[in-house]
Amino acid sequence: MKNIIIFGAPGSGKGTYSDEIVKRYDMGHISTGDVLRGEIKNGTELGKLAKGYIDNGQLIPDELMIDILANTYDAQEPGKGVIFDGFPRTIAQAEALKAMLAKRGHDMGVMIELIVDEETLLSRLLKRAIEQGRDDDNEETIKKRFAVYHSQTEPLSKWFEAEGIRYAFTWKGSKDVMLGEIFDFLDGLK
Ligand code: AMP
C-alpha cells in the first residue's frame, strides 16, 4: 500500500481508523502522539519536554517533531507503506515530510481527511477521558487543542488539496459506514 496521511481534528478517529487500516493492509503505523506518550512514560528528557506542551494543549515545536518523525520513519520495516497519524500538524511539518520522503525516493501517497462535527468530537473526547485517562482529555485542554487545530492544523487541508492528494470522508453517525467508505477508496488504489 502507498503511504497514507490520516488527518482530522482531535477526536475525529485518526487512531481508531489507522488501527483498522494497518490490520487490513499490513502497513507500518507512526502515531506521533503515541511516540510522545511513550517518551513521557519512560521518563526521557524528550518526554519531560513534551509533557509541558501536551498537558497545555499546545504543539511540540516543529524542529523537534520533524527529527522525531524522520527517526521513527527510518526505523520502520522497509518496503511497506506507512500510515502517518497525527503528523503533519503544521505547514512546516508537511513541507518537511514531503522533503524527507523525497530524499528517500518515496512520496506522501494519499491524505485521508476525517470530517466530524464539533459536538461529536467533544463528546468522544470526554468519553475517552473517562475510559483511557489521558491527561489532555479534560474540557479545558480539549478547548485549547481545538483552537490550535483550527489555527495551525486545519489550513493544511488546503495544502494537501493543492498537492492533489486530499480525500475527505464525512462522519454520518456510523463507524462501519465510514470505515467501509475508506476501505473502498483504498482498495481502489492498490
Ligand atoms: P494526539 O495523540 O495525536 O492527539 O497528540 C497528542 C498531543 O501530542 C498533541 O496535542 C500535541 O501536544 C502532541 N503532538 C502529537 N503530534 C504532534 C505533531 N505532529 N506536532 C506537534 N505536536 C504533536
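It should be noted that the structure appears before, not after, this text.
In short, a report on the structure. Here the residue index of a chain counts from 1 through its sequence in written order. At least 70 in pLDDT is required for a residue's local features to be given in this predicted model, at least 80 for side-chain atom pairs to be given and counted, and no such filter applies to totals for whole chains, interfaces and linings, which use all residues. To obtain the side-chain values, all non-hydrogen atoms of the structure were used and water was disregarded.

Side note on the site of the ligand
Taken together, 16 residues are adjacent to the ligand, and Thr-32, Gln-58, Gly-86, Arg-89 and Gln-93 come closest. Side-chain polar atom of Thr-32 to a nitrogen atom of the ligand: 2.8 Å apart, as the coordinates give it. Pairs of N or O atoms are called polar contacts if they sit within 3.5 Å, as long as, within protein, a hydrogen donor faces a hydrogen acceptor (for residues adjacent in sequence, only side-chain-to-side-chain pairs). Interatomic distance of 2.9 Å between a backbone N/O atom of Gly-86 and a nitrogen atom of the ligand. For every accessible area listed, the method is Shrake-Rupley and the probe measures 1.4 Å; residues are considered covered only by the protein chains on display. Surface burial for the ligand is 95%, taken as the share of its 480 Å² of free accessible area covered by protein chains. Each helix corresponds to a stretch of at least 4 residues labelled H or I by DSSP, and each strand to a stretch of at least 2 residues labelled E; elements are numbered beginning at the N terminus. Considering each element in turn, the shell around the ligand owes the most residues, four residues, to helix α2 (residues 32-41). When the residues that make up the shell around the ligand are grouped by side-chain class, the tally is six nonpolar, five polar and five charged. We call a residue near a molecule or strand as soon as one heavy atom of that residue lies within 4 Å of the molecule or strand. In this classification, the charged set is Asp, Glu, Lys and Arg, the nonpolar set is Ala, Val, Leu, Ile, Met, Phe, Trp, Tyr, Cys and Pro, and all remaining amino acids, among them Gly, are polar.

Considerations on the pairing of strand β4 (residues 110-115)
Summarising burial for β4: five of the six residues are buried, a large majority. In this analysis, strands are considered paired if DSSP registers two or more bridges between them. Two elements, strand β1 (residues 4-8) and β4, share five bridges in a ladder whose sense is parallel. Across the sheet, residue Phe-7 finds its bridge partner in β4, namely Glu-113. The pairing of β4 with strand β5 (residues 166-170) spans five bridges and is classified as parallel. Residue pairing in the sheet places Met-111 in a bridge with Arg-166 of β5. With a 1.4 Å probe rolled over the protein chains alone, any residue whose accessible area is under 20% of its type maximum counts as buried; one over 50% counts as exposed, and the rest are partly exposed.

Regarding the environment of Leu-49
Note on placement: Leu-49 falls in helix α3 (residues 45-55). Take Leu-49: its relative accessible area is 44%, and that puts it in the partly exposed class. It is 9.6 Å that separates the C-alpha atoms of Leu-49 and Glu-39, two residues lying 10 residues apart in sequence.

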